[in-house]
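# Coordinate analysis (summary)
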Amino acid sequence: QVQLVESGGGLVQPGGSLRLSCAASGSIFRIGAMGWYRRAPGNERELVATITSDGSSNYADSVKGRFTISRDNAKNTVYLQMNSLKPEDTAVYYCYCNARPRATAPLYGYWGQGTQVTVSS
């Protein structure tokens, strides 16, 4: 099994910044794509940003130019730098990855437990 542990959420004023981290641990043969999703109250979970193992990234239109996703493959960790935060960014942010727990296993999807980000004055 692969476990994902997020950190870095909290309360920030509009215009402020936060950096989320997510570390993968456990039985890991290879990690593929990693990413961040979020769910605001009353809304469906939505994609924020993803990054492949070779560093190609993709962003939701609502966060382009403000958020930056990156990863450290040696540490099995993905980051989300969030700048110019807006109240509408308030949500629970979930880390995601697909990974092979063993060389002979298919790719499975794994989710973190979520971390709350609140943007408010």
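Note: the structure precedes this text.
Residues numbered from 1 in each chain as written. Predicted model: local features only at pLDDT ≥ 70, side-chain atom pairs only at ≥ 80, totals over all residues. Heavy atoms only, no water.

## Structural notes on the overall build of the chain
To keep it simple, the criterion reads: A run of DSSP states H or I qualifies as a helix once it reaches four residues; a run of E qualifies as a strand once it reaches two. Both are numbered from the N-terminal end. Computation of the radius of gyration draws on C-alpha atoms alone. For the globule rule, the value is 2.2 Å times the number of residues to the power 0.38. For the exposure calls, accessible area comes from a 1.4 Å probe over protein chains only, and a residue counts as buried if that area is under 20% of its type's maximum, exposed if over 50%, partly exposed in between. Only heavy atoms matter for contacts: two residues are in contact if any of them lie within 4.5 Å across the pair. For the accessible areas, the method is Shrake-Rupley and the probe is 1.4 Å, while residue cover comes only from the protein chains on display.
From N to C terminus, the chain includes 0 helices and 11 strands. Ordered by position from the N terminus, the helices and strands of the chain form the series β-β-β-β-β-β-β-β-β-β-β. By the compact-globule yardstick of 14 Å for 121 residues, the chain fits well, its C-alpha radius of gyration being 14 Å. Residue burial in the chain is summarised as follows: out of 121 residues, 43% are buried. For the chain, the share of sequence-separated contacts (at least 6 apart) that also reach a separation of at least 24 residues comes to 55%. Put simply, the chain shows about 6,300 Å² of open surface, and 46% of that area lies on carbon and sulfur atoms.

## Thoughts on the nonpolar core
Convention followed: We call a set of buried residues a nonpolar core when its members are Ala, Val, Leu, Ile, Met, Phe, Trp, Tyr or Cys and they connect through side-chain atoms within 4.5 Å of each other.
Counting 31 residues, the largest nonpolar core has Trp-36, Leu-80, Met-82 and Tyr-93 as its most contacted members. Secondary-structure elements contributing two or more residues to this core are strand S1 (2–7), strand S3 (18–26), strand S4 (30–39), strand S5 (46–51), strand S7 (67–72), strand S8 (77–82), strand S9 (91–100) and strand S11 (115–119). Looking at this core element by element, the count peaks at 5 residues for S9.

## A short note on the side chain of Arg-71
Threshold: Working convention for charge: Lys and Arg count positive, Asp and Glu count negative, and His plus the chain ends are omitted. The salt bridge criterion pairs a side-chain nitrogen of Lys or Arg with a carboxyl oxygen of Asp or Glu, the two atoms within 4 Å. Polar contact criterion, stated in full: a pair of N or O atoms within 3.5 Å, where within protein one must be able to donate a hydrogen and the other to accept it, and residues adjacent in sequence count only if both atoms are side-chain atoms.
Residue placement: Arg-71 occurs in strand S7. Of the side chains with opposite charge, Asp-54 lies nearest to the buried Arg-71, which makes no salt bridge, at 7.4 Å. Here Gly-32 takes part through its backbone oxygen, which lies 2.8 Å from a polar atom of the side chain of Arg-71. In this structure the side chain of Arg-71 is engaged in a polar contact, spanning 2.7 Å, whose partner is the side chain of Asn-73. Not counting residues up to four positions away in its chain, the partners in contact with Arg-71 are Ile-31, Gly-32, Ala-33, Met-34, Ile-51, Thr-52, Ser-53, Thr-77, Val-78 and Tyr-79.

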